[in-house]
Amino acid sequence: MSNIVPIILSTLATGLPLFLIASGLTLIFSVMRVLNFAHGALFMIGAFLVSTLLSGRAVAVSVFVGAVLVTGLAVAAMSVVTERVVFRRLYGSPEVVGLLASFALLLILSGVVQLVWGSNPRTQAQVQGLGGVVRIFGNETATYNLVLIIVAAVIGLALAAGLRWTRAGAMVKATAEDRVMAEALGINVGLVALGVFAVGGLLAGIAGALLAPTVSIDPSLALTFIIQSFGAIIIGGLGSIEGAVVGALLIGLVDAVLVVVAPGLLDYGVYIAIGGVMLVRPYGIFGATARRTVQA
Amino acid sequence: MTRLNRRRPEWSTPARRRLRTLSFRPRRTLPLLIAAVALVAAACGSSGGSASGASTGGVVKLGFISSMSGPLAQIGDDMLDGAKVAVAQVNAAGGVDGGKKLQLVVKDDQLTPATGAAAARTLVGSGTKLIFGMLDSSICLAVAPVVQSLGGVTIGTTCSSDPLVGPKRAAQNYFSLAISNTASCAATAKVIAQEYPKLTSIDVFGYDYITGHEIATECVNDMKADGLHVTVHKSYFVPLTSESFTAQITALQHSLSGPATGRALFLATYGAGTTAFLKQAAPYHLTQQYQTVITNGGYVSSGEALNGSAPAVWDAYEYFPTVVTNSRNSAFVKQYEALKPADKFPNDWSYEAYMGALMYAKAITAAKSTDPAAVAAALAKISVTGPLGAVRFNPATHESTIPTLVFQTAGDAGSPMKLKILKYDLVSPTNQIINSGS
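Residues numbered from 1 in each chain as written. Chains lettered and ligands numbered in written order. Predicted model: local features only at pLDDT ≥ 70, side-chain atom pairs only at ≥ 80, totals over all residues. Heavy atoms only, no water.

## Some remarks on the overall build of chain B
Rules: Strands are runs of DSSP state E lasting at least two residues, helices are runs of H or I lasting at least four, and both sets are numbered from the N terminus onward. With a 1.4 Å probe rolled over the protein chains alone, any residue whose accessible area is under 20% of its type maximum counts as buried; one over 50% counts as exposed, and the rest are partly exposed. Between two residues, a contact is recorded if the distance between any of their heavy atoms is within 4.5 Å. Surface exposure here means Shrake-Rupley accessible area, sampled with a 1.4 Å probe, where a residue is shielded only by the protein chains that are shown.
Across its full length, chain B carries 13 helices and 16 strands. Expressed as a percentage of its 438 residues, the buried residues of chain B come to 60%. Across chain B, the fraction of contacts at a sequence separation of at least 24, relative to all contacts at a separation of at least 6, is 70%. As presented, chain B carries roughly 15700 Å² of accessible surface, and 55% of it is formed by carbon and sulfur atoms.

## Quick word on the state of the cysteines
Residue and element names in this part refer to chain B. Selection criterion: Criterion for a disulfide: a pair of cysteine sulfur atoms at a distance within 2.5 Å.
As enumerated under the stated definition, the model contains two disulfides over all chains in all. The partner cysteine of Cys 140 in its disulfide is Cys 159, sulfur to sulfur 2.0 Å. Between Cys 140 and Cys 159, the disulfide has an S-S torsion of 75° and is therefore right-handed. Remark: Cys 159 occurs in the loop between β5 (153-156) and β6 (174-176) and Cys 140 occurs in helix α5 (residues 137-149); sequence separation between them is 19 residues. Cys 159 carries the same exposure label as Cys 140, and that label is buried. The disulfide partner of Cys 185 is Cys 219, and the gap between their sulfur atoms is 2.0 Å. Given an S-S torsion of about -85°, the disulfide between Cys 185 and Cys 219 has left-handed geometry. With Cys 185 in helix α6 (residues 181-195) and Cys 219 in helix α7 (residues 210-225), the pair connects residues that are 34 residues apart, well separated along the chain.

## Structural notes on the pattern of salt bridges
Selection criterion: By definition, a salt bridge exists where a carboxyl oxygen of Asp or Glu is found within 4 Å of a side-chain nitrogen of Lys or Arg.
Counted by the stated rule, this structure contains four salt bridges over all chains. With a shortest N-O distance of 3.3 Å, Arg 88 of chain A and Glu 83 of chain A are connected by a salt bridge. A salt bridge links Lys 100 of chain B to Asp 97 of chain B, with the nearest nitrogen and oxygen atoms 3.5 Å apart.

## Observations concerning α7 of chain B
Residues and elements named next belong to chain B. The condition that has to hold: To estimate the expected span of a helix, count its residues, drop one, and scale the result by 1.5 Å. Working definition: the arc comes from the directions between the helix axis and the C-beta atoms, pointing outward to the latter.
Here α7 contains 16 residues, and its C-alpha end-to-end distance of 22 Å stays within 8% of the 22 Å for a straight helix at 1.5 Å per residue. Taken as a whole, α7 has its buried residues at Thr 211, Gly 212, Ile 215, Ala 216, Cys 219, Val 220, Asp 222 and Met 223. The buried residues of α7 occupy one face: seen down the axis, they fall within an arc of 160°. Within α7, the exposed residues directed more than 90 degrees away from the buried face are Ile 210 and Ala 225. On its buried face, α7 sits against α6, β7 (201-207), β8 (231-238), β9 (263-268) and β10 (292-295). Note on α7: the residue one or two positions beyond its end, Gly 227, has a positive phi of about 100°.

## Looking at the pairing of strand β4 (residues 130-133) of chain B
Keep this limit in mind: Orient the strands so they point away from the viewer; a crossover is then right-handed if the path from the first strand over the helix to the second runs clockwise.
Covered by surrounding structure in β4 of chain B are Leu 130 and Phe 132 of chain B together with Ile 131 and Gly 133 of chain B, the residues of both alternating faces. In this fold, the crossover linking β4 of chain B to β5 of chain B by way of α5 of chain B has right-handed handedness.

## Overview of the packing of helix α1 (residues 4-32) of chain A against helix α10 (residues 226-236) of chain A
Any two packed helices are characterised by the angle at which their axes cross and by the distance between the axes. Residues and elements named next belong to chain A. To be explicit about the condition: To get an axis, fit a line to the C-alpha atoms, keeping to the stretch in contact for a helix; angles then go from 0 to 180 degrees between the N-to-C directions. Here is the rule for angles: anything less than 35 degrees is roughly parallel, anything more than 145 is roughly antiparallel, 65 through 115 is roughly perpendicular, and the remaining ranges are oblique. Left-handed is the label given to a crossing in which the near helix is rotated counterclockwise from the far helix by less than a right angle, and right-handed is the label when the rotation is clockwise. Amino acid classes used here: Ala, Val, Leu, Ile, Met, Phe, Trp, Tyr, Cys and Pro are nonpolar; Asp, Glu, Lys and Arg are charged; the rest, including Gly, are polar.
Relative orientation of the contacting elements α1 and α10 amounts to 65°, with a least axis distance of 9 Å. Taken as axis vectors, α1 and α10 run roughly perpendicular relative to one another. Relative to α10, α1 is oriented so that their crossing is right-handed. Of α10, the residues touching α1 (which contributes Leu 18, Ile 21, Ala 22, Leu 25 and Thr 26) are Ile 226, Gln 228, Ser 229, Phe 230, Ala 232 and Ile 233. Of the residues belonging to the contact of α1 with α10, the class tally is eight nonpolar, three polar and no charged.

## Focus on the packing of helix α5 (residues 143-165) of chain A against helix α8 (residues 189-211) of chain A
Residues and elements named next belong to chain A. Interaxial distance between α5 and α8 falls to 11 Å at its minimum, and their mutual angle equals 170°. By the angle class used here, α5 and α8 are roughly antiparallel. Listed contacts from α8 to Tyr 144, Leu 148, Val 151, Ile 155 and Leu 159 of α5 are Val 199, Leu 203, Ile 206, Leu 210 and Leu 211.

## Observations regarding the packing of aromatic side chains
The following threshold applies: Here a Phe, Tyr or Trp ring, Trp counted by its six-membered ring, pairs with any other such ring whose centre lies within 6.5 Å, and the pair is stacked when the planes are under 30 degrees apart, edge-to-face when over 60, and tilted otherwise. Comment: the charge-over-ring label is applied if NZ (Lys) or CZ (Arg) is within 6 Å of the ring centre and within 35 degrees of the ring normal.
Evaluation of the coordinates by the stated rule reveals 19 aromatic pairs over all chains. Seen in terms of ring centroids, Phe 37 of chain A and Phe 103 of chain A are 5.6 Å apart; in terms of plane orientation they differ by 85°. Their pairing is edge-to-face. Of this pair, Phe 37 of chain A sits in the loop between α1 and α2 (38-53) while Phe 103 of chain A sits in helix α4 (residues 95-117), and the two are 66 residues apart along the sequence. Each member of the aromatic cluster is reached from another via a ring pair, and the members are Tyr 319, Phe 332, Tyr 336, Tyr 351 and Tyr 354 of chain B. In this structure, Arg 33 of chain A is placed above the aromatic ring of Phe 29 of chain A, and the distance from its NZ or CZ to the ring centre is 5.6 Å.

## Thoughts on the environment of Tyr 174 of chain B
Residue and element names in this part refer to chain B. With respect to the secondary-structure elements, Tyr 174 resides in strand β6. Under the relative-accessibility criterion, Tyr 174 is labelled buried at 0%. Distance from Tyr 174 to Ile 155, taken between C-alpha atoms, is 5.9 Å for residues 19 residues apart in sequence. Aside from chain neighbours lying at most four places away, what touches Tyr 174 is Cys 140, Ala 144, Thr 154, Gly 156, Cys 159, Leu 164, Arg 169 and His 398.

## Observations regarding the confidence of the model for chain A
To be explicit about the condition: Along the chain, pLDDT gives the predictor's confidence residue by residue, from 0 to 100.
Across chain A, pLDDT averages 89, with 96% of residues at or above 70. Per-element mean pLDDT across chain A ranges from 58 in helix α13 (residues 287-290) of chain A up to 96 in helix α3 (residues 61-85) of chain A.

## Examining the interface of chain A and chain B
To be explicit about the condition: Simply put, the buried area is the total loss of 1.4 Å probe accessible area from both parts when two parts are fitted together. In protein, a polar contact requires one atom able to donate a hydrogen and another able to accept it; more generally it is a pair of N or O atoms within 3.5 Å, and residues adjacent in sequence count only if both atoms are side-chain atoms.
Residue-level contacts link 51 residues of chain A with 49 residues of chain B. Approximately 4000 Å² of surface area, both sides summed, lies buried where chain A meets chain B, with 63% of it carried by carbon and sulfur atoms. There are zero salt bridges connecting chain A and chain B. At the surface where chain A touches chain B, the tally comes to eight residue pairs in polar contact (both at pLDDT 80 or more). Of the residues in the side of chain A that touches chain B, the class split is 26 nonpolar, 18 polar and seven charged.

## Some words on unusual backbone geometry
Phi is positive for Phe 137 of chain A, which is not a glycine, with a value near 50°. Its location among the elements puts Phe 137 of chain A in the loop between β1 (133-136) and β2 (139-142). Taking the relative accessible area as the measure of exposure, Phe 137 of chain A reaches 65% and is therefore exposed. For Leu 111 of chain B, which is not glycine, the phi torsion reads 55° and is therefore positive. With respect to the helices, strands and loops of the structure, Leu 111 of chain B is situated in the loop between β3 (101-108) and α4 (113-125).

## Some words on the nonpolar core
All names here are of chain B. Put simply, the rule is: Grouping buried Ala, Val, Leu, Ile, Met, Phe, Trp, Tyr and Cys residues that are joined through side-chain atoms within 4.5 Å yields what is termed a nonpolar core.
By size, the foremost hydrophobic cluster in this structure holds 205 residues, and its most contacted members are Phe 277 and Leu 379. Excluding residues that lie within four positions of it along the chain, Leu 379 makes contacts with Val 153, Ile 155, Phe 175, Met 359, Tyr 360, Ala 363 and Phe 393. Counting residues in hydrophobic clusters, the runner-up holds 26 residues, among them Ala 187, Ala 189, Ala 216 and Cys 219.

## Considerations on the confidence of the model for chain B
Residues and elements named next belong to chain B. Mean pLDDT over chain B: 84, with 85% of residues reaching 70 or higher. For chain B, the element scoring lowest by mean pLDDT is helix α1 (residues 12-21), at 34; β4 scores highest, at 97. Across residues 1-53 the pLDDT falls below 50, and counting only partners more than four positions away or on other chains, this stretch makes 110 contacts in the model. With pTM at 0.79, the complex prediction returns an ipTM value of 0.84.

## Concerning the environment of Arg 33 of chain A
Residue and element names in this part refer to chain A. Structurally, Arg 33 is set in the loop between α1 and α2. The exposure class assigned to Arg 33 is buried, which follows from its relative accessible area of 18%. Once the C-alpha coordinates of Arg 33 and Ile 234 are considered, the two residues, 201 residues apart in sequence, prove to be 14 Å apart. One polar contact links the side chain of Arg 33 to the main-chain carbonyl oxygen of Ser 30, over a distance of 2.6 Å.

Structure, rendered in C-alpha cells:
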C-alpha cells in the first residue's frame, strides 16, 4: 500500500490535468476532423491571461475561480474567431491542410503573445490556502494537485454527461457521425462547429489558467503540454472523451512507474505508452468505434 | 554547449523544415498560408541597420548579431542594451583610434545558425568585419568560420562550446568571452566544498541532453576533487520541453529521511524547467529538506520569475548587478537603467555584450586600425577592466580570463529584482577565490 498510493496519486496528478488539455483537442477533432496544434497556444494564452488578471499575486480561492472563468470565456471567444477566420474555410479539405493551418496559427499566436507579453518568464503565485500538502493514506500530495484532480474529474464528467444526455450533445454526435446527414436533418452544422470550438477553447483556457500556478509562464508553454496531450488522445483513440481520460491517465501511470523502476527511461514515457497501446489497438483504446463519432 | 541553447524551442526549425518539404496545392489555403507566413515574419521582426564600411569617416562600425526575434528575443535585447551602454561610454570618452565614434550594426540571427551565418556574410561582405554577440553556441559555430573565411574577427560573448576555443579552434580569429561549463563547474565546486565541507549526498534533477548530463557529472566530480566525499543519491533527467515534474518530486520526497545536513540538491536545469520545478516542489518544502540547493548558470531569470518566493540557491555565472559597488559597475548599471528603465537591471548577457564592445574598442585603439588582422592581434594582448575586474583573452586558446561569480540568492519580494544576494565569491580563471562577500 505504501508503494501503490504514491503511484496512484502521481498518476492522477500528472494525468488528469493533461486530460483537461486533451479533452478540447479530441472534441474538436471528433467533430471537425482538425488536429488543432493551435490548442497549445490557446492553453498558453490562458496561463498568460490569468496571471495578467491577477498580476501574478496570491489571491483567495473565490477570486481565482472568477479569474479562471473569465479567462476560459476569453479563450473560448478566441477559439471561435479561429474557427470563423481559419478553419471554416478548410472543412472538406484533406486533414493535413487543417493540420498545417493549425500549426501556422500556433506560430502566429505565439508571436502575438511575445509581442503582447514579451519573452521574459513570469509566474502566478499559488492560490491562498492551497499551497500546502495533504496526507492521503500516510502519503503527502500537494493540495493544489488534489484540487486539479477533482476539477478535471468534474469537467470530464460534465463533458461526458453533456454529450450523452443533452440535445446539444446529440447534435454534436450526429455531426461527428455524418456531417451531411446531420445537415439534411436540419442541424445547423456551422453552429455546431462554432460551439465545439468554443467549448474546446474554454477547456484550453481553463486548463492554462488552472495550471498557471505550477508552471513557468512563457511562450514556450504552447508546446510544453501539447505533445503529451496528442499522446493521450492517440492512446485513447482520436475523438473519444473517455479515451482522452484513459490516455492521459496511462501516460501519468507510465511516468509514475518509470520514475521508480527505470528513471533513465522517463523521457520515453509517452512513447512507451503510445507504442504499447498501438501494438494491440492501432486506433487507440476506444478508437475502433470512436474513429467517426464522439464517445460519451 | 552554451547554457542558452538548452532553452531552444526544438520544434521550430525541424517543424518549419517539414512545412517546406510537404507538397500540396490547396487553392483556398494558399492565401491563408501566405498570410500566415507574412504575419509570422512580421511578428518575428526583422534585422535592423544596414552595413557599410567598418571605418568610414569618423565612424567605426561593429557588427552585432543576436537573437532579436523568437522565444529568446528578450535576451537578445538585453545583450544589445549592454552593447549600447559600452558604445555610449566609449564615444563619450572620446571614441576609438584617434576620436572615431563607434556605431553598432545590428542583425537578427532568429536563433538559427543558417540565419546567423547569412547575417555574418552580409555584414562582413559589406565591410563591417568586426563581429560580436551571438547567443547560442550553434550560431557561433556557424558564424565564426564564415567571418574567418571573409577576413573578419568574431567575439562570441555568450557561446561556450569547446570547439570554439583552444589551439585547434574552429576559427582562428574567434575569441570567446563567456566562461566555459568546465570553468563554472570548477568554481562552483570550489565554493561549495568550502561552504559545506560535510556534504555527503547529492540528488540531481536535470535536463536530459548532453549539457544537462555533462554539467551534473562535471560539477559533482569537481566537488569530489575539491575534497568532498559525495555520492549521487538520486538522479532524474527530464525532457527539455517538460514542465510537469510531479512524478520526480514525489519520488525525491519519498526518498528523503532524516536531517537535511550533508544533503544537496543539484539542478542541471535552467529557465522554465527550474522555475516549474521550484514551484511544484514548494508545497512539499522539498528544498528545505536539503542543506543547500545548487545550480550552474542562468538561474537569475528563474529566481526573478518566482516573484520573491525563490528558495536559497547557489548559482555560478559571470555577473550580478548588486554584488559589487565599484564605480565601473555603478556607471554600467546606471546607464543601462537609463537606457531601459522598464527592464530593471543588466544581467549576465548584457554584461557579456558590454564587455565584448569594450574589448573591441580597446583593441582598435591599441592597433590604431580597424584592420581585422591588426585588431585580432591586439585582442590577444590587451586587458580591459570592467565591472568585475580585468578581462583578457588567452593568446593561445582565445578563451577569456573573465572571473566566475558564484553566488547564493534567495527571494526578496521587496527588491526590484525579487532576489537578494546572501553570499558571493568571485573565482579567478585559475580557480582561486579572489573576492567574497555577503
